[in-house]
Amino acid sequence: MEKTLLTLFKERANRYSERPALYAKDKEGKFQAISFTSLFTRSSCFGLGLLDIGIKRGDHIGIISNNRKEWIIAGFGILGIGALDIPRGSDSMAEEILYILSHADCPACLVEDNEQFEKVLSIRRKLPQLTRLIVMDEGFTKTGNVEEGITVYTFNEICAMGEGRLKRDAGAFDREIAKGKGEDLATIIYTSGTTGEPKGVMLTHNNFLHQLSAPLEHLDVVAGDIFLSVLPVWHAFERSAEYVALFTGCSLAYSKLIGKVILEDMEAIRPTIFPSVPRIWESVRSGIYKKIREEGGIKKVLFDFFVKVGTAHSYFLTMTRGLLPGFKRRILLFDILIGIIPLILITPLKLLGDLLVFGKIKKKLGGRFKFGISGAGALPPYVDKFFAATGILLLEGYGLTEAAPIVSVRKDKAPVPNTIGPPLPQVEAEIRDPEGKKLGPGKKGILFVRGPNVMKGYYKRPEETEKVLSPDGWLNTGDLAMQTYKGELRIMGRVKETIVLRGGENIEPGPIEDVILQSEYIDQVMIVGQDQKYLGALVVPNIESLSRYAETHGIYYSQEQELLEDKAVIGLIKNEINERVNIKKGFKVFEQVFRILLLKTPFETGTEVTHTLKLKRDVIVERYEKEIQSLFS
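A quick note: this is a predicted structure, and the numbers were derived from the prediction, not measured. (Residues numbered from 1 in each chain as written. Predicted model: local features only at pLDDT ≥ 70, side-chain atom pairs only at ≥ 80, totals over all residues. Heavy atoms only, no water.)

**Student:** Teacher, can you tell me more about the overall build of the protein here?
**Tutor:** Across its full length, the protein carries 21 helices and 25 strands. In terms of C-alpha radius of gyration, the protein reaches 25 Å, essentially the compact-globule figure of 26 Å for 633 residues. Overall size of the protein, expressed as C-alpha extent along the three principal axes, is 75 × 55 × 55 Å. Residue burial in the protein is summarised as follows: out of 633 residues, 57% are buried. Taking the contacts inside the protein whose residues are at least 6 apart along the sequence as the reference set, 66% of them involve residues at least 24 apart. Approximately 27,700 Å² of the protein is accessible, and the part contributed by carbon and sulfur atoms is 54%. When the 84 positive and 80 negative side-chain charges of the protein are each reduced to one mean point, those points stand 5 Å apart. (Helix = DSSP H or I, 4+ residues; strand = E, 2+ residues; numbered from the N terminus. Rg over C-alpha atoms; globule rule 2.2 N^0.38 Å. Buried < 20%, exposed > 50% of the residue type's maximum accessible area, 1.4 Å probe, protein only. Contact = heavy atoms within 4.5 Å. Areas by Shrake-Rupley, 256 points an atom, 1.4 Å probe, with all protein chains shown as cover. Lys, Arg positive; Asp, Glu negative; His and termini not counted. Charge placed at Lys NZ, Arg CZ, Asp CG, Glu CD.)

Have a look at this one:
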């Protein structure tokens, strides 16, 4: 029998049987465990139920839903019968869903609840091939045929059909699993994309199978660990993280992408591993600083002092371990001689900081936290340094949907800061110049990767596939990167994000935006200035922080717009940016921001930013065309 995700899932279900595979909340908000055996059985029933309603091997099944236990049950059920899923989140717009379900030729679609049901029904007449809808939510009341040509089922109804078949034929699902092949498609994930029309990334069972074992070479993941899950499961990073968890005998605990809920769930479930995105780690850091500011007094003084101590301790410890990033050749003995005495002197203070300050932070994370993983975007250096200072291990990784998605991640036993770690086993990485010439360590160029994790191609888009995937398997990531002498990588920006000023200066907006976001008064920012003389910025301020500032400085306003138009407030934001982006901080003159515009509403998730909170720059530029022009007129 050929190895697939489902043959492996069946083996793990037998091995770990009654261990908890999932922790999902009930109606009262309490975590309830679902065992490996139960998860496999429920998935079997769902898959066989799909056969009963006419789903065939190779069919494309849409899933429009946020994270919930039914999602993963359905996912394994779909794969078990040789079909594949076309996933998307519940915050997707109707037009986006229409494009995806139509382009992917879906005959059936799962929807999370009544809201998603109505959303799909509103576009159904433009989807003649879509004949079956399945609603996950238990509160949904089935009304029969909604219109001619479409049949509605509940999730439990499909499971009941499959359960009946399983009772009549105990080996039915096993026989379906045995028909699968490693090269079969497992999913087509449509990239949100920061530019252009969504493209359907075709990922096979083999692509994901590589992702199950390769990360374990870098990470200490063992049976019994608990992963806290907050990212959308349709996203390739979360999906691979969940597969790693389950296929290693770990448990998944579903939480929400909301700071307060995450912290509450951490205390309740006490996770050991937390994969997330940079913005979440920024929020955790900001939340800690906010609490300290509110308490003030000696607590704030001690906190600030011990963060500085922790930062210095982390640097000298990294230096003496030979883990500073080597973009230039480094001599280990020289680093040890420089770092060892400061490290010895500062260690007692670091231990005191652990006792008085950092231990309390770790307790908030559940008390048995091993490490967090930051992916799906660049981790700002100030966030990286903060968690290193506290002694909380945060590992930055890198990937893209087209690579299933993990390309590299820092090693938890030897993490090199300011890098995304070395490539995973069996993954090759090359830095090339625009002409395709391979560059050596310390040289910035375009990152190309090759390996068993790289996609099959874009669905029904051969011309787009040819643009990024060479005949010999090299994938052009579109990211600018640099490699150390030991093989670790650092991402330097996106090729297409580069802003070119009229003077010919090339500017990567990401590092500038990362620094600006350190301000408590700024929630979102996008640097603009293509073909202009200087840079400008669209700024989404933190209204709560601005309101406090206005109150303490005697600024009166009746509406938020008045606050955003106040000269003192605009001056505050300008000063916050100028303090962080200037020559003394290492920025060039042409990288400084000269004009800003404060926006009343945040960038919209799914439309103006991706579901992993990356800016869709082309969309924002189009939507705010007049506002951007005003910055340069």
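**Student:** I'm lost on empty space enclosed by the protein in this one. Help?
**Tutor:** Summed over the entire model, instances satisfying the criterion amount to two cavities of 30 Å³ or more. In this structure, the largest cavity occupies an estimated 80 Å³ of space. In terms of lining residues, the largest cavity is bounded by W71, I72, G75, F76, V233, R239, E242 and Y243. Elements that contribute at least two residues to the lining of the largest cavity include exactly α3 (69-80) and α9 (236-247). (1 Å grid on protein atoms, 1.4 Å probe; cavity = no way out; pocket = protein on both sides within 12 Å on 5 of 7 lines; lining within 4 Å. Points joined across faces, edges and corners; volume = space filled by probe spheres on them.)

**Student:** Help me understand the nonpolar core, please; the structure alone is not making it clear to me.
**Tutor:** Among soluble globular proteins, nonpolar side chains are generally buried collectively. In this structure, L5, L39, F46 and L110 are the most contacted members of the largest nonpolar core, which totals 152 residues. Beyond its immediate chain neighbours, meaning those up to four positions away, L110 contacts F46, I61, G62, I63, I64, A74, I78, I134, M136 and F155. Grouped together as the second largest cluster of nonpolar side chains are 28 residues, I97, A104, I123 and V152 included. (Core = buried A, V, L, I, M, F, W, Y, C linked by side-chain atoms within 4.5 Å.)

**Student:** Would you mind showing me how to read the layout of surface pockets here?
**Tutor:** Over the atoms a probe the size of a water molecule is rolled, and this reveals where empty space is left. Of the voids in this model, the second largest pocket is the one considered here, and its volume is about 680 Å³. S314, Y315, T318, A388 and P417 are the residues nearest the centre of the second largest pocket, which is lined by 27 residues in total. If you list the elements that add at least two residues to the lining of the second largest pocket, you get α12 (297-320), α13 (332-364) and α14 (381-390). Residue contributions to the lining of the second largest pocket peak at six residues, all from α12.

**Student:** Looking at this model, I keep getting lost on the packing of aromatic side chains. Mind explaining?
**Tutor:** Where two aromatic rings form a pair, the distance of their centres and the angle of their planes describe that pair. What the rule picks out here adds up to 24 aromatic pairs. On the basis of an interplanar angle of 20° and a centroid distance of 4.0 Å, the ring pair of F9 and F76 is categorised as stacked. Pair noted here: F9 is in helix α1 (residues 5-16) and F76 is in helix α3, with a separation of 67 residues, a long-range link. Of the two residues, F9 and F76, both sit in the buried class. Ring geometry for F208 versus Y243: centroids 5.3 Å apart, planes at 90°, classification edge-to-face. With a gap of 35 residues between them, F208 in helix α8 (residues 205-213) and Y243 in helix α9 connect regions that are remote in the sequence. Under the relative-accessibility criterion, F208 is labelled buried at 0%. (Phe/Tyr/Trp six-rings, centres within 6.5 Å; stacked < 30°, edge-to-face > 60°.)

**Student:** Looking at this model, I keep getting lost on the pairing of strand β19 (residues 475-483). Mind explaining?
**Tutor:** Look at any regular strand and the pattern is simple: side chains alternate between the two faces of the sheet. Burial analysis of β19 places eight of its nine residues in the buried class, the great majority of the element. In this structure, strand β17 (residues 445-450) lies alongside β19, joined through four bridges in antiparallel fashion. Opposite I446, over in β19, you have L480 as the bridge partner. Direction of pairing for β19 relative to strand β20 (residues 489-494): antiparallel, over a ladder of five bridges. From the neighbouring strand, D479 faces β20, where its bridge partner is R494. Two successive antiparallel strands, β19 and β20, enclose a turn made up of five residues, where G487 displays a positive phi of approximately 105°. (Pairing = 2+ DSSP bridges.)

**Student:** Before we go on, may I ask you to explain helix α19 (residues 567-580) in this structure?
**Tutor:** In an α-helix, one turn spans 3.6 residues, which is why side chains three or four residues apart end up on the same side. Between its first and last C-alpha, α19 extends 20 Å over 14 residues, near the 20 Å set by a 1.5 Å rise per residue. Listed as buried for α19 are V569, L572, I573, E576, I577 and R580. Angularly, the buried residues of α19 cover 130° about the axis, an arc narrow enough to put them on a single face. Packing partners of the buried residues in α19 comprise α16 (509-516), β23 (522-528), β24 (535-541), α17 (543-552), α18 (560-565) and β25 (593-598). Capping the start of α19, D566 holds a side-chain oxygen 2.8 Å from the backbone nitrogen of A568, two or three residues further along. (Expected span 1.5 Å × (residues − 1). Arc of directions from axis to C-beta. Polar contact = N/O pair within 3.5 Å; in protein donor to acceptor, adjacent residues only side chain to side chain.)

**Student:** Looking at this structure, how should I read the side chain of S240?
**Tutor:** Note that S240 resides in helix α9. Not counting the four nearest positions on each side in its chain, S240 is found in contact with F208, Q211, A404, P405 and I406.

**Student:** Sorry if this is basic, but what is going on with unusual backbone geometry here?
**Tutor:** Excluding glycine, residues mostly have negative phi values, and the peptide bonds linking residues are mostly trans. Going from A404 to P405, the amide bond is cis rather than trans, its omega being -10°. Summarising the element assignment, P405 is placed in the loop between β14 (394-399) and β15 (406-409). In the Ramachandran plot, R270 falls in the positive-phi region, its phi being about 50° despite a non-glycine side chain. On the secondary structure map, R270 appears in the loop between α10 (259-269) and β12 (273-276). One non-glycine residue, A404, adopts positive backbone phi at about 70°. Residue position: A404 is located in the loop between β14 and β15. Classification of A404 by relative accessible area gives buried; the value is 0%.

**Student:** Just checking my understanding: could you explain the environment of G367 for this structure?
**Tutor:** Structurally, G367 can be placed in the loop between α13 and β13 (371-374). Distance in space between the C-alpha atoms of G367 and K614 is 31 Å, their sequence separation being 247 residues. Each residue touching G367, except ones within four places of it in the same chain, is listed here: R270 and K362.

**Student:** Mind showing me how you'd approach the pattern of salt bridges here?
**Tutor:** Opposite charge on two side chains permits them to pair, given that their charged atoms come into close proximity. Per the counting criterion, the structure on display carries 40 salt bridges. Between E608 and R623 there is a salt bridge, and its shortest N-O distance comes to 3.5 Å. With E608 in the loop between β25 and α20 (617-623) and R623 in helix α20, this residue pair connects regions lying 15 residues apart in the sequence. Of the residues examined, R623 reaches a relative accessible area of 46% and is grouped as partly exposed. Residues joined in a network through salt bridges with shared partners are R68, K69, E70, E112 and D137. (Salt bridge = Lys/Arg side-chain N within 4 Å of Asp/Glu carboxyl O.)

**Student:** It is not clear to me how the packing of helix α11 (residues 278-295) against α14 should be interpreted in this structure. Could you clarify?
**Tutor:** A packed helix pair is summarised by two numbers, namely the angle formed by the two axes and the spacing between the axes. Taken N-terminus to C-terminus, the directions of α11 and α14 make an angle of 60°; their axes are 10 Å apart at the nearest point. Here α14 runs oblique to α11, going by the angle between their axes. Handedness of the α11/α14 crossing: left-handed. Where α11 abuts α14, its residues W281, E282, V284, R285, I288 and Y289 lie against Y382, V383, F386 and F387. When the residues that make up the contact of α11 with α14 are grouped by side-chain class, the tally is eight nonpolar, no polar and two charged. (Axes fitted to C-alpha atoms, helices over the stretch in contact; angles between N-to-C directions. Parallel < 35°, antiparallel > 145°, perpendicular 65-115°, else oblique. Left-handed = near helix turned anticlockwise from the far one by under 90°. Nonpolar A, V, L, I, M, F, W, Y, C, P; charged D, E, K, R; others polar.)

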